[in-house]
Amino acid sequence: MRIRLILAIWACKIGISLSRLLGKKGTSMPGQLALKICPEVLSLLSKQVTKEIIVVCGTNGKTTTNNLIASFLRAQGMQVVCNELGANMIWGVCCAFAEKADILGRLKADFACLEIDEASAVKVFPHVKPNLMVITNLFRDQLDRYGEIDTTVDLLRQALALSPETKLLLNGDDPLVAQFGEKTDRICYFMAVDEDTGAEVDDIKEGRFCVFCGEPLQYAYYHYSQLGKFHCNSCGYGRRQPDFRVFNVQQSQGLSFVLEHNEKQEEFSVCYRGFYNIYNIALSYGATTLVLGKSFDYQQVLANYKPQIGRMEEFIVGKPVILNLAKNPAGFNQAISTVLCDEREKDLLLAVNDYAGDGKDISWIWDVDFERLHQGNIRNLIVTGIRADDLMLRLKHAGFSEDRQIKCSNLEEATQRLVSGEAAVCYALVNYTVVFSMQTILKEMEGK
C-alpha cells in the first residue's frame, strides 16, 4: 500500500508539472491517474490532517468562500491543503492533497479547505470525512447535468449520510440551504443578514414553496433570489435566529457591515463589489472562528486577498476592465446589480458558451433580468460566444435592438472592441469556459 501511495503521488506531481508547462491548470488528469494507481490515496492523505477538514459546497460563491477560509487560517500560521483554483471534483481534490504531500507520502497540514462540487460530494466523502461543511446557497445551475434543485439537495443528503459527525454552517437566509439544519441531530450553525437592506430585485425566486409542506413561503424581505427572511405560515418552517448575524449593511463605497457572534461585534469594511460577497465573507469568517475557537485580525487578510479568476477580477488596459464569472440566473442577476452600482459610463461584454463545463442547456438566460441593463449607463453592448445568437435574441426581447448590440465572431475580437471604446470602465460578464480564455487575453493586453 505504501509503495502504491508513493507512486500515485509521484505520478500526480509529475502530471501537474507537465500540465502547467503546457499552459493548463493541472488539476484533473493528474488526480485521475493518482486514483487509478492508488484508489486509497485520498483516504491515506486526508487522515494525516492534524486538526480539521472544512468543505464548502453550494451553487455560487464556493471558490471565494473556501479560499478566504484558507487565507484566514494561513494568516494564523496554519499549514493548509486547499484546491484554490476551483477544481472541485474528486480529481481536483486529489491533486490538492498530492501536491501538498512530500514524495514519500507524508502530509504536513493542520487544516484542509476543500471546495467540492455538490454532485461530487458523494464521491469524495467516502474518502474524506469533513469536520465542518459550509453550504453557501442553492440555485439552478447546469440543468442538463444536475437537473432541478431537488436532485442537488438529494445528492448533498446522500453525502452527509456518509459523514454523520460533520457539523454544518448554513446560509440561513436560503430556505433551500437552511432545511439541512432542521430535523437533525447534527450540530448546525446559521449565518444571516438580519435586516432589510433594500437590495431586493424582481428576479427569479428558486425556493418559492416550503420544502416541508409545499405551501408558498412568506417573506418579510428579500435580499436577492430566494434569500431573505422567510416563514411558512402552514408548518412553521422559517429562518432561524442566526449564530452569525450581519447588520448595518452599507454598499455606497465597497461593502461594510457588522457581524455579531456570541454577543461580540466585528466591523467589516472592504472594497469588494457585489452584495453576495457579504455572504462569502461572513461564512468564511464564521467557519474559521468555529474551527479556531477564537476571533482574529481579519481586516488585513481581507485587504491582501486576491480573488480567483473571474471573481470581479480587475485589469488595467488603459482603463479598468472588470471580469466576472456569471454562469446561472442568480449569479448573472447579482453581476448586473454590481454593474448598476457603478455610475460611470461603461462598455459591457456578454459571452455565453455551451461546452460541457458550461452546460448544454442555456435556457436559463431567459431567467436573467437583462431588462435592468437599461439603467446601467452603457455606451456599447458587445455580444460573443458560441451561443451569441441566443443571447442577442434574449437581449432583443429585453429591449436592446440589434443595432444596439455589437456581435463579434471570436473572443479576442470582442475583447479588443471592449477595451478600445471611449467609456470610463469596462465590464465583462461571461460563463465558465469563456472566463479562462478572456483572462489570458486581458493579461496579455495589460502586459503590453
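What this report covers is the structure whose coordinates are included nearby. (Residues numbered from 1 in each chain as written. Predicted model: local features only at pLDDT ≥ 70, side-chain atom pairs only at ≥ 80, totals over all residues. Heavy atoms only, no water.)

**Examining the side chain of D358**
Line of reasoning, step 1. Of note, D358 is situated in the loop between β14 (346-351) and β15 (378-384).
Line of reasoning, step 2. Buried and without a salt bridge, D358 has K360 as its closest oppositely charged side chain, separated by 7.9 Å. (Helix = DSSP H or I, 4+ residues; strand = E, 2+ residues; numbered from the N terminus. Buried < 20%, exposed > 50% of the residue type's maximum accessible area, 1.4 Å probe, protein only. Lys, Arg positive; Asp, Glu negative; His and termini not counted. Salt bridge = Lys/Arg side-chain N within 4 Å of Asp/Glu carboxyl O.)

**A look at the pattern of salt bridges**
Line of reasoning, step 1. All chains considered together, the criterion is met by 18 salt bridges.
Line of reasoning, step 2. R74 serves as the salt-bridge partner of E84, at 2.6 Å between the closest nitrogen and oxygen. Residue E84 is found in the loop between β2 (80-82) and α5 (90-100), and its partner R74 is found in helix α4 (residues 62-75); the two are separated by 10 residues along the sequence.
Line of reasoning, step 3. Judged by relative accessible area, which is 33%, R74 ranks as partly exposed.
Line of reasoning, step 4. The salt bridge involving R245 is made with E260; its shortest N-O contact spans 3.3 Å. Placement of R245 in strand β9 (residues 244-250) and of E260 in strand β10 (residues 255-261) is noted, with a sequence separation of 15 residues between them.
Line of reasoning, step 5. In this structure R245 comes out as partly exposed when scored by relative accessible area, which is 22%.
Line of reasoning, step 6. E260 gets classed as partly exposed once you look at its relative accessible area, which sits at 22%.
Line of reasoning, step 7. Salt bridges here are not isolated pairs; linked through shared partners, they connect D173, D194, R239, R245 and E260.

**Looking at the packing of α4 against helix α10 (residues 276-292)**
When two helices pack together, their arrangement is captured by the angle between the axes and the distance separating the axes.
Line of reasoning, step 1. Between α4 and α10, the least distance of the axes is 8 Å, while the angle of their chain directions is 40°. Taken together, the axes of α4 and α10 are oblique relative to one another. Along this stretch, α4 crosses α10, giving a crossing that reads as right-handed. In contact with T64, T65, L68, I69, F72 and L73 of α4, α10 contributes N277, N280, I281, L283, S284, Y285, A287, T288, V291 and L292.
Line of reasoning, step 2. Class assignment for the residues of the contact of α4 with α10 results in 10 nonpolar, six polar and no charged. (Axes fitted to C-alpha atoms, helices over the stretch in contact; angles between N-to-C directions. Parallel < 35°, antiparallel > 145°, perpendicular 65-115°, else oblique. Left-handed = near helix turned anticlockwise from the far one by under 90°. Contact = heavy atoms within 4.5 Å. Nonpolar A, V, L, I, M, F, W, Y, C, P; charged D, E, K, R; others polar.)

**Some remarks on the pairing of β9**
Line of reasoning, step 1. In the sheet, strand β6 (residues 188-193) pairs with β9 via three bridges, with the strands oriented parallel. Paired with A192 across the strands is R245, a residue of β9.
Line of reasoning, step 2. Here β9 hands over to β10 after four residues, with G254 in that stretch at a positive phi of 70°. (Pairing = 2+ DSSP bridges.)

**Examining the pairing of β10**
Line of reasoning, step 1. Burial analysis of β10 places five of its seven residues in the buried class, which makes it a mostly covered element.
Line of reasoning, step 2. Pairing analysis gives four bridges linking β9 to β10, with the strands arranged antiparallel. Looking at the pairing, R245 lines up with E260 of β10.
Line of reasoning, step 3. The pairing of β10 with strand β11 (residues 264-270) spans seven bridges and is classified as antiparallel. Within β11, the residue paired with L259 across the bridge is E266.
Line of reasoning, step 4. Taken together, β10 and the strand that follows it, β11, pair antiparallel across an intervening segment of two residues, in which N262 is found at a positive phi of about 50°.

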